[in-house]
Amino acid sequence: MSEWRGFQFGSWNDRIDVRNFVSLNYTPYGGDSSFLCALTPRTRSVKEEFERLLALENEKGGVLDVDTQRVSSLLTFEPGYIKKDEELIVGLQTDRPLKRAVNPFAGYRNAVQACRAYGYEIGESIQNEFKYRTTHNTGVFRVYTDTMKKARHAGVLTGLPDAYARGRIIGDYRRVALYGMDRLIRERQEDKKRISEREMTDETIRLLEDIERQLEFMKQLITMAESYGYDISRPAQNAREAVQWLYFGYLGAVKEQNGAANSIGRISAFLDIYFERDLREGVLDEEGAQELIDDLVIKLRAVRHLRTPEYNDLFAGDPVWVTLSLAGVGEDGRAMVTKTCYRFLQTLYNLGPSAEPNITVLWSSALPDPFKEFCCKVSIDTDSIQYENDDLMRRDYGDDYSIACCVSAMKTGKQMQFFGARCNLAKVLLMALNGGKDEIHGEQIAPEGEIFPEEPLVYERVLEAFCRYASWMAKLYVNTMNVIHYMHDRYAYERLMMSLHDVEPERLMAFGISGFSVLTDSLSAIRFAKVTPIKDERGLIVDFEIEGDFPKFGNDDDRVDDIARWVARFFYEELRKTPAYRGAKHTLSILTITSNVVYGKKTGSTPDGRKKGEPFAPGANPMHGRDAEGALASLNSVSKVPFDCCRDGISNTFSVTPAALGGDEGARIQNLKQILDGYFSQNAHHLNVNVLNREKLIEAMENPARYPSLTIRVSGYAVNFNKLTKDKQLEVISRTFHEKM
């Protein structure tokens with residue numbers, strides 16, 4: 001095949017095996033960034049038009065336009081362009097840039113509310129189409145028990161994907177470029193024949209229906225690409241087609257689904273193979289290679305979904321989480337740093353800092369020093385990238401995994417995730433002290449138990465009650481998730497994304513903890529200080545008197561850090577006791593996105609001294625201001641949380657002032673590199689890096705026009721600071737900014 005000229009052949013020729021193709025053909029790069037090219041006049045023209053549209057979007061309150069007459073899908077819209085004659089990579093979700101589409105399959109009422117929030121009404125044609133159609137949300141609430149509804153309303157189970165598409169599923173979009181859609185369709189048809197010979201169990205019947213739904217959308221993807229003038233039925237034959245084919249796969253996915261975190265995967269080494277071949281053949285130069293990556297990134301920055309105000313309250317900043325994974329090390333020991341890793345990072349200079357794509361560097365001790373240094377420079381300059389421990393994750397996921405959403409690893413095309421938001425464990429502790437009642441509304445949610453008396457709390461008794469209620473909550477959590485994902489598969493199945501997986505992928509079910517450091521510090525306070533409950537007129541515990549000091553998470557003190565380790569392991573083991581839908585493996589994250597503010601609003605005063613309504617710390621971070629022993633002590637505490645029971649991720653957002661890193665750029669780069677090497681050598685999992693002063697954020701909040709593109713890392717992703725609501729901005733400003741190491 002001419003499309004595969006010059007490639008080293010292997011098992012990838014005979015079966016769908018992109019990992020084998022990449023491993024045999026990529027070119028590691030150990031040099032520095034001196035080869036990179038700046039923005040070309042052509043790309044600048046597209047960028048300027050896109051920025052003009054972004055400004056209009058901001059002027060209109062964050063939503064430029066909504067098409068209320070058509071339901072989003074692969075073939076709904078005519079081709080759309082930003083600046084047609086100057087774009088190298090084409091394709092938009094709708095027929096105009098930044099126009100949002102209606103996607104009611106996950107929840108019709110959600111779609112109606114989202115439209116109304118921005119002054120639109122859903123068109124009559126969509127109303128009629130969904131008048132008798134069951135959506136995912138409708139199906140879920142048909143089955144939810146009263147207890148599930150109560151836990152959801154009280155904020156004990158939070159951010160559940162029961163009214164919106166679940167997301168966090170990463171199609172292997174590289175397959176479109178490497179094999180072409182005709183080959184992928186034939187392979188899936190053969191899968192169906194083979195599976196049809198099995199006993200017709202529930203799972204076999206479900207799988208056969210899934211395959212037929214996938215085949216329908218695989219064929220539609222070919223038609224969608226044809227509307228732009230491209231034939232993706234065959235493999236890509238050059239670098240431009242490889243980028244375009246891969247992007248068409250991703251574009252089809254985000255046309256069909258508006259789930260949180262439709263990530264694009266680990267694509268840099270794959271695309272670099274095509275760039276290197278074109279460079280050898282003399283049909284591409286470095287400037288042209290950078291143009292292709294710049295064009296692709298502009299398209300990824302243009303992805304938009306229609307969200308309700310409630311969704312935006314949970315996940316602030318209008319994020320899409322187009323997570324892009326770079327670098328890492330192969331199982332053969334070779335670094336997977338390529339020139340295209342540099343090219344993606346260069347977009348943060350050529351196009352300016354941005355939250356999208358959510359660039360994630362898979363950090364390893366074996367990465368070349370020049371690449372490590374360039375990453376650190378980009379972090380210091382833009383605050384736009386995050387890091388995850390490849391040496392840690394590679395043990396479980398091999399060398400062809402991708403990151404979904406913020407911090408969640410999956411084998412690309414071989415694993416999928418049932419996303420599950422979070423359980424508010426700080427609130428579970430308060431329920432345990434109040435005999436199963438919600439401390440705010442007074443409603444009995446969990447089984448009725450003893451309300452602790454107004455006398456100093458005894459650690460052993462509190463721990464016994466907490467374990468009993470946390471165990472009950474874990475079972476409720478898994479069963480709630482099972483309901484959600486059964487209904488999502490039935491009414492809002494991701495047909496195209498799942499067609500770009502192996503036909504029977506391993507399934508993961510992702511559970512999460514919020515209030516992690518609040519719970520840890522609360523248990524520490526009860527154990528090491530004197531904590532006395534205070535009741536209100538209802539007889540419920542609503543506050544606490546604390547006498548004496550206690551060790552606080554984030555200061556490298558094993559007395560409290562051991563409690564943190566125990567919390568993570570205990571809750572994970574309790575979750576595993578209840579079987580998950582479709583045999584999924586239980587995973588756990590400590591990750592809150594920006595929802596730590598909302599979760600705090602729904603939680604009363606806690607035994608650590610935090611008051612009712614105050615925000616939690618994000619992710620696995622220590623509570624604001626309590627990590628008083630310096631940056632390294634804070635990092636050391638978080639690094640102790642065990643990844644083996646938190647394989648869905650342990651999010652840590654780290655803010656340090658420039659002066660704390662060093663007196664000049666060279667010193668700052670070297671010091672940040674040493675911090676990352678040291679942190680990850682302790683089996684830590686994840687680190688967001690912000691290098692800035694609190695005063696800059698305060699000034700940006702007061703004068704947003706002066707900082708239109710100010711990007712910061714929050715909890716597992718980046719946001720444009722100006723897109724955060726005031727309460728979220730204030731919470732970010734209140735976080736610890738380390739001024740000493």
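Structure: above.
Residues numbered from 1 in each chain as written. Predicted model: local features only at pLDDT ≥ 70, side-chain atom pairs only at ≥ 80, totals over all residues. Heavy atoms only, no water.

(A) A look at the side chain of S499. In this fold, S499 is placed in helix α19 (residues 495-499). Residues within four places of S499 in sequence aside, it is in contact with R188, Q214 and M218. (Helix = DSSP H or I, 4+ residues; strand = E, 2+ residues; numbered from the N terminus. Contact = heavy atoms within 4.5 Å.)

(B) The arrangement of the side chain of H488 in detail. If you trace the backbone, H488 turns up in helix α18 (residues 459-491). Here H488 falls in the buried class, since its relative accessible area comes to 0%. Separated by 3.2 Å, the side chain of H488 and the backbone nitrogen of R166 make a polar contact. When near neighbours in sequence (up to four residues on either side) are disregarded, H488 contacts H136, Y164, A165, R166, Q257, Y493 and E494. (Buried < 20%, exposed > 50% of the residue type's maximum accessible area, 1.4 Å probe, protein only. Polar contact = N/O pair within 3.5 Å; in protein donor to acceptor, adjacent residues only side chain to side chain.)

(C) View of the nonpolar core. Counting residues in hydrophobic clusters, the biggest one holds 206 residues, and the most contacted among them are F270, L271, F371 and F516. When residues of this core are assigned to their parent elements, the largest contribution, 18 residues, is made by α18. Leave out the neighbours within four places in its chain, and F516 touches F553, A564, V567, A568, I590, G619, A620 and V641. Counting residues in each nonpolar core, the second largest holds 37 residues, with Y164, V518, Y599 and L724 among its members. (Core = buried A, V, L, I, M, F, W, Y, C linked by side-chain atoms within 4.5 Å.)

(D) Layout of the pattern of salt bridges. This model, assessed by the stated rule, comprises 76 salt bridges. Close ionic contact of R70 with D95 constitutes a salt bridge, the shortest N to O distance being 3.4 Å. With R70 in strand β1 (residues 65-71) and D95 in the loop between β1 and β2 (99-102), this pair connects stretches of sequence that are 25 residues apart. A salt bridge links K673 to E373; the shortest N-O distance between them is 3.4 Å. With K673 in helix α25 (residues 665-681) and E373 in helix α15 (residues 369-382), this pair connects stretches of sequence that are 300 residues apart. In this structure E373 comes out as partly exposed when scored by relative accessible area, which is 28%. One network of salt bridges, in which partners are shared, links R166, E203, D210, R213, D489, E494, R507 and R582. (Salt bridge = Lys/Arg side-chain N within 4 Å of Asp/Glu carboxyl O.)

(E) Focus on the pairing of strand β8 (residues 408-411). For strand β7 (residues 401-404) and β8, the ladder comprises 4 bridges, and the chain directions are antiparallel. Its bridge partner being in β8, I403 is matched across the sheet by A409. Count of turn residues in the β7/β8 antiparallel hairpin: 3 residues, of which C405 carries a positive phi of about 60 degrees. (Pairing = 2+ DSSP bridges.)

(F) Fine view of the environment of E241. Secondary-structure assignment places E241 in helix α10 (residues 239-256). Between the C-alpha atom of E241 and that of K414, which follows or precedes it by 173 residues, the distance is 25 Å. In terms of polar contacts, E241 uses its side chain to reach the backbone amide nitrogen of Q237, at 3.0 Å.

(G) Here's a closer look at helix α23 (residues 631-639). Of all 9 residues in α23, 8 are buried; the element is thus mostly enclosed. Among all positions in α23, only A631, A633, S634, L635, N636, S637, V638 and S639 are buried. On its buried face, α23 is in contact with α21 (558-576), β15 (649-650), β16 (653-656), α25 and β17 (686-691).

(H) Representation of unusual backbone geometry within the structure. Note the cis peptide between E356 and P357, where omega equals -10 degrees. Structurally, P357 can be placed in the loop between α14 (339-350) and β5 (358-363). You will see that L98, though not glycine, has its phi angle at about 70 degrees, which is positive. The phi angle at R582 is positive, at roughly 55 degrees, despite the residue not being glycine. Along the chain, R582 falls in the loop between α21 and β14 (585-590).

(I) Geometry of the pairing of strand β12 (residues 530-535). Across 6 bridges, β12 lies against strand β13 (residues 541-547) in antiparallel orientation. By the bridge assignment, K535 is partnered in β13 with I541.

(J) Spotlight on the environment of R213. For R213, the location among the structural elements is in helix α9 (residues 202-227). The exposure class of R213 is buried, given its relative accessible area of 17%. Along the primary structure R213 and L540 are separated by 327 residues, whereas in three dimensions their C-alpha atoms are 52 Å apart. Sequence-distant contacts of R213, that is, excluding residues within four places in its chain, are made with D489, R490, Y493 and R495.

(K) Region of the structure containing the packing of helix α8 (residues 181-196) against α9. For the pair α8 and α9, interaxial distance at closest approach is 10 Å and the crossing angle is 165 degrees. Considering the angle they form, α8 stands roughly antiparallel to α9. In terms of crossing hand, the pair formed by α8 and α9 is left-handed. Every residue of α9 that contacts α8 at M181, D182, L184, I185, R188, Q189, D191, K192, I195 and S196 is listed here: T204, L207, L208, I211, E212, Q214, L215, M218, K219, L221 and I222. Considered class by class, the residues forming the contact of α8 with α9 number 11 nonpolar, 4 polar and 6 charged. (Axes fitted to C-alpha atoms, helices over the stretch in contact; angles between N-to-C directions. Parallel < 35°, antiparallel > 145°, perpendicular 65-115°, else oblique. Left-handed = near helix turned anticlockwise from the far one by under 90°. Nonpolar A, V, L, I, M, F, W, Y, C, P; charged D, E, K, R; others polar.)

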